[in-house]
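Commentary on secondary and tertiary structure
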Amino acid sequence: MPNHVPHIIEVAIPLHLDRTFHYRVPREMEGQALAGRRAFVPFGRRRLTGYILGNVTAPPPHELKEIFEVLDPEPLWTDSELEFFRWVASYYLHPLGEVLKTALPAGINIQDRKGSGQDDPTVSGGKTIKTEIVYRAAAPCEPAPHLGAKAADILGVIREAGDIPAAELRRRFGTCSPQLKRLAELGLVTGETREVYRNPFGDDAVKRDTPRVLSRHQQAALDALCAALDRHAFAPFLLHGVTGSGKTEVYLQAIAQALGQDKNALVLVPEISLTPQLVQRFRARFGHGIAILHSGLSDGERYDEWRRIRRGQARIVIGARSAIFAPLAGIGIIIVDEEHEASFKQADGLRYNARDLALVRGRMERAVVLLGSATPLVTSRYAAEHGKLALLTLPERVEQRPMPTVELAPMKGVATAISPLLVPALEATLAAGEQAIIFLNRRGFATYLVCAECGAPLACPNCSVSLTYHRQRGQSVCHYCDYAIPAPGICPACGCQELKELGAGTERLEHDLRELVPQARILRMDSDTTGGKGSHGRLLARMSDGSADILVGTQMIAKGHDFPGVTLVGVVNAEASLAMPDFRAAERTFQLLSQVIGRAGRGDAPGRVVVQAQSSDHYAIQNAVRHDSDAFYRQELEFRREVGYPPFSFLACLGFSGTAERPVEEHAGTVARLLTQLKREKGLRVEILGPAPAPLYRLRGRFRRQILLKSPTRNDLRRLIAAWQQNRPAASTIREYVDIDPVDMM
DNA sequence: AGCACGCCGACT
DNA sequence: GTCGGCGTGCTC
């Protein structure tokens, strides 16, 4: 035996471990153990799937184990994709192995298996490849020998079709395997197994359409995008276009341009708006070659879409946040639609923001990145004003459609949940055979209950937030932890049986509307009424087929779906979201209000909106009502500048919260270590905020792994910045996740 | 994350 | 005398 240099590889393990591991590669696998493939490896006394990162030249000074097997015949990722994943792992302080696992479709992910057997046959690559048997006529002209009538019919069909899947034959003839077996024996047909993709679209065909004529502003935006595509360099854009201004048409034509350059397109959409409507428009324009990735797919469908993309059989990928990890090569353009949506953030495991990662991947791929929204993130507007994003605006609706008219209904001193202004508007809408939606971002019947005797509020014993009375369920429920008591409950302080029902939720609105407009057919849509699978779609269908007049709901009606028959929108308690404990509360309020207002009106008739508010003084409400987003962003930026928020890319907020057994102070060591790490590795400026305001979070055991998400409030930020400026750490807790706009790191 | 090792309370 | 609680530490 000649002396032989051992082949050593670096492997990322999908566990919470901050380093990679090295393995020896047996001689017979040397050609296969390449970067981007998975390897089945021994790990402790377990056996699991790791991801090969590459070769190692200098062997580490300790004993190495050998890999069992290379699981993939082809690399799962290219080198540049691996580079992207490394960036992600380092930016989000997350183990690379876990990042890679997240990037993979479920179904081929987990191969963990313990035990002794080397003879475990299930250990191999993805096991979910679907196949079908296809029959083909072997000798088309040969006259058939005497056959049964059914066999002869089957043969006829096969000969006519050329080749035909077994499933199709079974659909036409019922059971036909005996006949097929006979035909095959006679050498008249052959059957072969081939791989098929599960098709998430089903079989419905789509009518093709053609590019529409663009408005002046659309054309200007498209020209800028095409010019950037021609340069083949990273070019980030913000497309700020009012509702109905035709952003999608700009996307479609920009994608067409990219495809024409032989490049591919990645389209990220918030989960909720991954409605058939948008996908249909893409299919109508581009036909085949579209892959979709979202949580509604089965593991098999997801896996198949992933393989189609990897093999270059899809030119356009449309998906929710995880699609940012799609194995799409040659990306020319990445579009993030509704870029302000919070659903681009993954809130557990690898806490990424797909909107941010779009910019990072786009930079690595030298692609055009287009962030589109009617109400962009304040950070995006800020970046645009500082030249880090090129700003494209669509200030007008297509075809000169007017914006809805908006009235404010002051609720000060009004005892009812529904304003007296809204009722006649509803009646008029119904009389005209049109529909209305009423929006209130709180579910339940009464949002808090207080004792009629002593005034004590009914609160959750775990979370110390007030319980919401759900009349239908007959319970008072905590919306944080689902703690529930029989409704409405008795006063915990004095035992009094009478509780005052304060604060209306959607259930209460529905109840009141049935009395106020008895002739209306009313639907309610919130997470209480959309529990079952498909109930969401059923409710929407009843609106679109006209079998309901009024839809009452929470923010799930504000997003995603179009309601073509809706001419009236009522917004109840518009300022509620301003009180949210989050420094982005004003931004959120403006976004949500603008979105709901945009729901009103249809092609022929301008919409009408009634906005109910205790006080409409706040610029978030006023500017949403006036459709003046420029004014909103100007004022919000001004406000943030005044309070001295570091320009939007400040830092990571880390949050810890304590338990009775382990108070927060005991975590100081861990907090300090993490902060030091962040400072050193990321060059970030980090401070610690005070304790989390509500004991919403329970930590057990190893707090290190249970890092919590909590948005800093405006007050938190003020304290943070004061501490920062005086170069002093503030007290004890908090972690948020890294919420830095990568545009600012570029 | 698992999984083992390890050292203190109530039990077939 | 053991079973089992979870604290600590390790995994090429």
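Throughout what follows, the structure given in this document is the object of discussion.

What counts, and where the lines are drawn
Residues numbered from 1 in each chain as written. Chains lettered and ligands numbered in written order. Predicted model: local features only at pLDDT ≥ 70, side-chain atom pairs only at ≥ 80, totals over all residues. Heavy atoms only, no water. Disulfide = S-S within 2.5 Å. Buried < 20%, exposed > 50% of the residue type's maximum accessible area, 1.4 Å probe, protein only. Near = heavy atom within 4 Å. Polar contact = N/O pair within 3.5 Å; in protein donor to acceptor, adjacent residues only side chain to side chain. Helix = DSSP H or I, 4+ residues; strand = E, 2+ residues; numbered from the N terminus. Nonpolar A, V, L, I, M, F, W, Y, C, P; charged D, E, K, R; others polar. Axes fitted to C-alpha atoms, helices over the stretch in contact; angles between N-to-C directions. Parallel < 35°, antiparallel > 145°, perpendicular 65-115°, else oblique. Left-handed = near helix turned anticlockwise from the far one by under 90°. Contact = heavy atoms within 4.5 Å.

1. Regarding the state of the cysteines
A covalent bond between the sulfur atoms of two cysteines is referred to as a disulfide. Under the counting rule described, the total for this entry stands at zero disulfides. Counting only cysteine sulfurs, Cys 454 is the nearest neighbor of Cys 491, a cysteine outside any disulfide, at a range of 3.5 Å. On the basis of relative accessibility, which here comes to 2%, the residue Cys 491 falls in the buried class.

2. A few points about the protein's contact with DNA strand C
With respect to spatial proximity, 13 residues lie near DNA strand C, and among them Leu 17, Arg 19, His 22, Gly 44 and Lys 65 are the closest. Backbone atoms, meaning sugar and phosphate, form 34% of the atoms of DNA strand C found within 4 Å of the protein. Contact between DNA strand C and His 22: a base oxygen at 2.7 Å from a main-chain N or O atom of the residue. Interatomic distance of 2.5 Å between a side-chain N/O atom of Lys 65 and a phosphate oxygen of DNA strand C. When residues of the surface near DNA strand C are traced back to their parent elements, those giving at least two are strand 2 (21-24) and strand 3 (38-43). The biggest single contributor to the surface near DNA strand C is strand 2, with three residues. Broken down by class, the residue content of the surface near DNA strand C amounts to six nonpolar, three polar and four charged.

3. Observations regarding the packing of helix 7 (residues 247-260) against helix 8 (residues 276-286)
Running from N to C, helix 7 and helix 8 cross one another at 40°; their axes reach a closest spacing of 11 Å. When the axis of helix 7 is compared with that of helix 8, the two are oblique. Of the two possible hands of crossing, helix 7 and helix 8 adopt the one that is right-handed. Where helix 7 abuts helix 8, its residues Thr 248, Glu 249, Leu 252, Gln 253, Ile 255, Ala 256 and Leu 259 lie against Leu 278, Arg 281, Phe 282, Arg 285 and Phe 286. Looking at the contact of helix 7 with helix 8 residue by residue, the classes come out as seven nonpolar, two polar and three charged.

These values are about where atoms sit, not about what they do.
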